[in-house]
Amino acid sequence: PSVAERIRRLEDRGAIQGYAALIDPAFMGLSVAASIRLRINGADCGKFAAKAKQWPEIVRLDRLTGDDSHMALVLVRDVKHLEQLIDQLTFHGAT
């Protein structure tokens with residue numbers, strides 16, 4: 001079978017769930033990537049995860065064990081933009 005046929009079968013069986021475009025963040029003016037550790041109180045963790053979707057700068061949010069509750073991967077224009085985002089996040093918990 002051709003490669004196209006094998007790919008189609010994998011799609012039909014649900015093994016391939018989709019395709020994505022990979023965009024260069026620097027092309028979009030987002031030249032700084034940073035990881036931000038957050039400490040959100042237990043009961044507020046779920047609320048924060050839902051609210052974090054309002055910040056387009058947060059491209060990934062992971063729940064952690066230990067002292068910190070979350071790790072956010074962010075893409076921002078510059079350090080000033082990063083500091084502004086951190087200031088916004090501190091309203092929800094310690095960074």
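Let me sum up the structure you'll find in this document. (Residues numbered from 1 in each chain as written. Predicted model: local features only at pLDDT ≥ 70, side-chain atom pairs only at ≥ 80, totals over all residues. Heavy atoms only, no water.)

## Here we look at the nonpolar core
Soluble, globular proteins show a tendency: their nonpolar side chains are buried together.
Step number 1: Counting residues in each nonpolar core, the largest one holds 15 residues, and the members touching the most others are V74 and L89.
Step number 2: For this core, the secondary-structure elements that each account for two or more residues are strand 1 (32-38), helix 2 (45-51), strand 3 (70-76) and helix 3 (79-89).
Step number 3: Ignoring anything within four residues of it in the chain, the contact list for L89 reads I36, L38, F48, W55, I58 and T95. (Core = buried A, V, L, I, M, F, W, Y, C linked by side-chain atoms within 4.5 Å. Buried < 20%, exposed > 50% of the residue type's maximum accessible area, 1.4 Å probe, protein only. Helix = DSSP H or I, 4+ residues; strand = E, 2+ residues; numbered from the N terminus. Contact = heavy atoms within 4.5 Å.)

## Regarding the side chain of D68
Step number 1: Within the secondary structure, D68 is located in the loop between strand 2 (58-63) and strand 3.
Step number 2: A distance of 2.9 Å separates a polar atom in the side chain of D68 from a polar atom in the side chain of R37.
Step number 3: Non-local contacts of D68, meaning those with residues more than four positions away in its chain, are made with R37, L38 and R39. (Polar contact = N/O pair within 3.5 Å; in protein donor to acceptor, adjacent residues only side chain to side chain.)

## A word on helix 3
Residues spaced three or four apart along an α-helix face the same direction, because each turn holds 3.6 residues.
Step number 1: For helix 3, the complete set of buried residues consists of H81, L82, L85 and L89. An end-on view of helix 3 places all buried positions within 100° of arc, on one side of the element.
Step number 2: Where helix 3 is buried, its residues meet strand 1, helix 2, strand 2 and strand 3. (Arc of directions from axis to C-beta.)

## Details of the environment of L73
Step number 1: Topologically, L73 is positioned in strand 3.
Step number 2: Taking the C-alpha atoms as reference points, L73 and L30, separated by 43 residues in sequence, lie 13 Å from one another.
Step number 3: Once residues within four sequence positions are removed from consideration, L73 is found in contact with A34, S35, E57, I58, V59 and R60.

## Topic: a nonpolar patch on the surface
Step number 1: A surface patch of nonpolar side chains, amounting to about 310 Å² of accessible area, comprises V3, I7 and Y19.
Step number 2: Mapped onto the elements, V3 comes out in helix 1 (residues 3-12). (Patch = residues over 30% accessible without salt bridge, like charges linked within 9 Å, V, L, I, M, F, W, Y side chains within 5 Å. Areas by Shrake-Rupley, 256 points an atom, 1.4 Å probe, with all protein chains shown as cover. Salt bridge = Lys/Arg side-chain N within 4 Å of Asp/Glu carboxyl O.)

## Overview of the pairing of strand 3
Step number 1: Strand 3 sits mainly inside the fold: 5 of its 7 residues count as buried.
Step number 2: Of the strand pairs in this sheet, strand 2 and strand 3 are connected by 5 bridges, and their pairing is antiparallel. If you follow R60 over to strand 3, its bridge partner there is L73.
Step number 3: Counted along the chain from strand 2 to the antiparallel partner strand 3, the turn is 6 residues long, and its residue G66 has a positive phi close to 100°. (Pairing = 2+ DSSP bridges.)

## Details of the pattern of salt bridges
Step number 1: For the structure shown, the criterion picks out 5 salt bridges.
Step number 2: Residue R8 is joined to D12 by a salt bridge in which the shortest nitrogen-to-oxygen separation is 3.0 Å. Of this pair, R8 and D12 both sit in helix 1, separated by 4 residues, roughly a single helical turn.
Step number 3: The salt bridge partner of R37 is D68, with a shortest N-O separation of 2.9 Å. A residue pair is termed long-range when its members are at least 10 positions apart, and R37 in strand 1 and D68 in the loop between strand 2 and strand 3 qualify at 31 residues.
Step number 4: Among the residues examined, D68 registers a relative accessible area of 13% and is labelled buried.

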